[in-house]
Amino acid sequence: MNFGRGPPVVLNVGGTRYSFSREVLKDFPLRRVSRLHGCLSEQDVLEVCDDYDRERNEYFFDRHSEAFGFIMLYVRHGHLRFVPHMCELSFYNEMIYWGLEGSHLDYCCQRRLDDRMSETCTYYAAEEPNGGPEGKGRRPAGAEGRKWLERMRRTFEEPTSSVAAQVLATVSILFVIVSMVVLCASTLPEWRAPENRSVEEQSRYTAESVREPSGIIEAICIGWFTAECIVRFIVSKNKCEFVRRPLNIIDLLAITPYYISVLMTVFTGENSQLQRAGVTLRVLRMMRIFWVIKLARHFIGLQTLGLTLKRCYREMVMLLVFICVAMAIFSALSQLLENGLDLGTKNKDYASIPAACWWVIISMTTVGYGDMCPITVPGRILGGICVVSGIVLLALPITFIYHSFVQCYHELKFRSARYSRSLSAEFLN
């Protein structure tokens, strides 16, 4: 095919026509379009485009016309952004088709694409087992066993994936609530052991507490959580990935203290070291408060909070940097104005910069306990500037975090609704 002199080349993309001269086509920024210049036959042309009209010298591409319009804006002006109301992954597929890469996007759109691709890879790995719909026609040996494991994994990992998963999630929530009620009730004066017990009485009380109703309830809850964690570990696809997940680490931190306390009770017995061990036991028992975080498996709100913190770690680090810089500046100035200068009115609350840091943090966050406050006029002026600066600095990254929270909530809600539709179909069947 000769691309010498002749009529202009027409690209028809989804019904929208673009006309170019042949000289422009040779060095066109889009690789797929520039490949047309090197085509020597009609077969070569059809490998690049979907159809070709020799009479009108028109090339047809069955692609998204609006996306190509935004890509043409990049060709003309050098800025590539996402099409409004279009999925980032769909637009990225159009970019790949025309020969562009993610690095051609503007920085803000690159971040959106990275976040969406990381989520999609995680979700699709969890939701598209056995290679997707292509693997439905043939089932290799062991497919039934893998299907059963996948069903068990969904039952324990996705509370809305089936009726059995909802029942299991409800039972798990009840155990968490019961364990929290027992933990709170155990701190009441009527439930606690008197402080004036002897070491021998303490040892007998610790050994007998397991046989009390609260100890029995605690043992039952721990048994349920342990069995649930073991089953989820067995049916998981990737054991290393399972251990690294934050919620699984929290489960381990909530379960392990009980067994450690039981072992410490068994091995210390009536030893004189029991009093020291008793403090450790109380600390370990209080670690059961991590069970509350287990509710994140069953509530979209807590999942949204965790996903938002994961995505907005840059903004959170920026917020902490703002606070630390402001604390360093205002604490040094307040210590100098209130205690460092020999003005005859030294404020002992500001004797050191670390002590002044406490005043700075409660002032910037507008808490203001009133336990320490400046007494000099320059110190009070500095305090007003500190409060106003805290409001401004804390408000700057909040907008990004808020929008990310709303986006995470809608994504998780959509995912839950998709599982709910499959649940309704299962219930009707």
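What you are looking at is a predicted structure, and each value in this text was computed from that prediction instead of being measured.

**Things to note about the overall build of the chain**
Scanning the chain from terminus to terminus reveals 18 helices and 4 strands. For the chain, buried positions account for 37% of its 429 residues. For the chain, contacts bridging at least 24 residues in sequence account for 62% of all contacts bridging at least 6. By element, 63% of the accessible surface of the chain is carried by carbon and sulfur atoms, the whole surface being about 25,700 Å².

**Brief notes about unusual backbone geometry**
The residue N57 is not glycine, and still its phi comes out positive at about 55°. As for its placement among the helices and strands, N57 is situated in the loop between β3 (51–53) and β4 (58–61). Residues other than glycine seldom take positive phi values, yet H85 does so here, at roughly 60°. Turning to its location among the elements, H85 is positioned in the loop between α4 (65–77) and α5 (88–98).

**A closer look at the pairing of strand β2 (residues 16–20)**
As judged from the 5 bridges shared by strand β1 (residues 9–13) and β2, these two strands associate in the antiparallel manner. Bridged to N12 within β2 is R17. Count of turn residues in the β1/β2 antiparallel hairpin: 2 residues, of which G14 carries a positive phi of about 60°.

**Some thoughts on the packing of helix α16 (residues 353–364) against helix α17 (residues 377–395)**
In helix packing, the relevant descriptors are the interaxial angle and the interaxial distance, both defined with respect to the helix axes. Their axes nearest at 8 Å, the elements α16 and α17 cross at an angle of 55°. By the criterion of interaxial angle, the relationship of α16 to α17 is oblique. When you trace α16 past α17, the crossing you get is right-handed. Contacts between α16 and α17 involve W359, V360, S363 and M364 from the former and G383, C386, V387, G390, I391, L393 and L394 from the latter. For the contact of α16 with α17, a count of residues per class yields 8 nonpolar, 3 polar and no charged.

**So, the nonpolar core**
Nonpolar side chains in soluble globular proteins generally cluster together in the buried interior. If you look at the biggest cluster of nonpolar residues, it comprises 34 residues, and the most contacted ones within it are L11, L36, Y59, F61, F91 and W98. Sorting the residues of this core by element identifies β1, β2, α3 (42–48), β4, α4, α5 and α6 (107–127) as the ones contributing at least two each. Per element, the largest residue contribution to this core is 5 residues, and it comes from α4. What F61 contacts, discounting residues up to four positions off in sequence, is L11, N12, V13, G14, R32, L36, V48, C49, D50, Y97 and W98. Ranked by size, the runner-up nonpolar core spans 14 residues in total, among them F175, L183, I255 and W291.

**Comments concerning the UniProt feature "transmembrane region" (unreviewed entry) in the chain**
The UniProt entry lists residues 163–188, 215–235, 247–269, 289–309, 316–337, 349–369 and 381–405 under the feature "transmembrane region" (unreviewed entry), expressed in the numbering used here. Summarising residues 163–188: 88% helix, 0% strand, and an end-to-end C-alpha distance of 38 Å. Summarising residues 349–369: 57% helix, 0% strand, and an end-to-end C-alpha distance of 14 Å.

**So, the sheet that holds β4**
Picture the strands of a sheet paired through backbone hydrogen bonds; they go either parallel or antiparallel. Spatially, the 4 strands line up as an open sheet ordered β2-β1-β4-β3, and their pairing is mixed. Each having just a single partner strand, β2 and β3 make up the two edges of the open sheet. Going across the sheet, the axis of each strand differs from the next one's by a mean of 20°, ignoring polarity. Running over the sheet, α4 touches β1 and β2 and is turned about 30° from β2.

**Section: the confidence of the model for the chain**
Scored by pLDDT, the chain has a mean of 75; 75% of the residues are at 70 or more. Low pLDDT, under 50, characterises residues 1–5; the predicted model gives this stretch 18 contacts beyond four residues in sequence or across chains. In the model, residues 423–429 has pLDDT below 50 throughout and makes 7 contacts with residues more than four positions away in sequence or in other chains.

**Some remarks on the pairing of β1**
Among the 5 residues that make up β1, 5 are buried, leaving the element largely enclosed by the rest of the structure. Across the two faces of β1 the burial is the same, with V9, L11 and V13 and V10 and N12 all buried. Relative to β4, β1 runs parallel, the two sharing 4 bridges. What sits directly across from V10, in β4, is E58.

**Section: the pattern of salt bridges**
Overall, the coordinates contain 7 salt bridges when judged by the stated rule. For R56, the salt bridge is made with E58, and the minimal N-O distance between the two is 3.5 Å. R112 is paired through a salt bridge with E88; the nearest N and O atoms lie 2.7 Å apart. A residue pair is termed long-range when its members are at least 10 positions apart, and R112 in helix α6 and E88 in helix α5 qualify at 24 residues. Sharing partners across several salt bridges, the network here consists of R17, D53, R56 and E58.

**Brief notes about the state of the cysteines**
Counted under the stated rule, the structure contains 0 disulfides. Of all cysteine sulfurs, the one in C108 lies closest to C109, which takes part in no disulfide; the gap is 4.0 Å. Of the residues examined, C109 reaches a relative accessible area of 4% and is grouped as buried.

**Points about α4**
For α4, built from 13 residues, the straight-helix expectation of 18 Å at 1.5 Å per residue is met to within 8% by its first-to-last C-alpha distance of 18 Å. On its buried side, α4 packs onto β1, β2 and α5. Of the residues trailing α4, G78 is marked for its positive phi of about 85°.

**Some remarks on the environment of I173**
Positionally, I173 belongs in helix α8 (residues 163–185). A C-alpha to C-alpha distance of 9.4 Å links I173 and V292, two positions 119 residues apart in sequence.

**Thoughts on the packing of α4 against α5**
Closest axis-to-axis distance for the α4/α5 pair is 10 Å, and the angle between their directions is 65°. Regarding α4 and α5, the two cross each other, and that crossing is right-handed. Counting all contacts with α4, which are made through A67, F68, F70 and I71, the residues of α5 involved are F91, E94, M95 and W98. Residue composition of the contact of α4 with α5, by class: 7 nonpolar, no polar and 1 charged.

About the cut-offs
- Residues numbered from 1 in each chain as written.
- Predicted model: local features only at pLDDT ≥ 70, side-chain atom pairs only at ≥ 80, totals over all residues.
- Heavy atoms only, no water.
- Helix = DSSP H or I, 4+ residues; strand = E, 2+ residues; numbered from the N terminus.
- Buried < 20%, exposed > 50% of the residue type's maximum accessible area, 1.4 Å probe, protein only.
- Contact = heavy atoms within 4.5 Å.
- Areas by Shrake-Rupley, 256 points an atom, 1.4 Å probe, with all protein chains shown as cover.
- Pairing = 2+ DSSP bridges.
- Axes fitted to C-alpha atoms, helices over the stretch in contact; angles between N-to-C directions.
- Parallel < 35°, antiparallel > 145°, perpendicular 65-115°, else oblique.
- Left-handed = near helix turned anticlockwise from the far one by under 90°.
- Nonpolar A, V, L, I, M, F, W, Y, C, P; charged D, E, K, R; others polar.
- Core = buried A, V, L, I, M, F, W, Y, C linked by side-chain atoms within 4.5 Å.
- UniProt positions renumbered as here; feature names shortened; annotations may be inferred.
- pLDDT = per-residue confidence, 0-100.
- Salt bridge = Lys/Arg side-chain N within 4 Å of Asp/Glu carboxyl O.
- Disulfide = S-S within 2.5 Å.
- Expected span 1.5 Å × (residues − 1).

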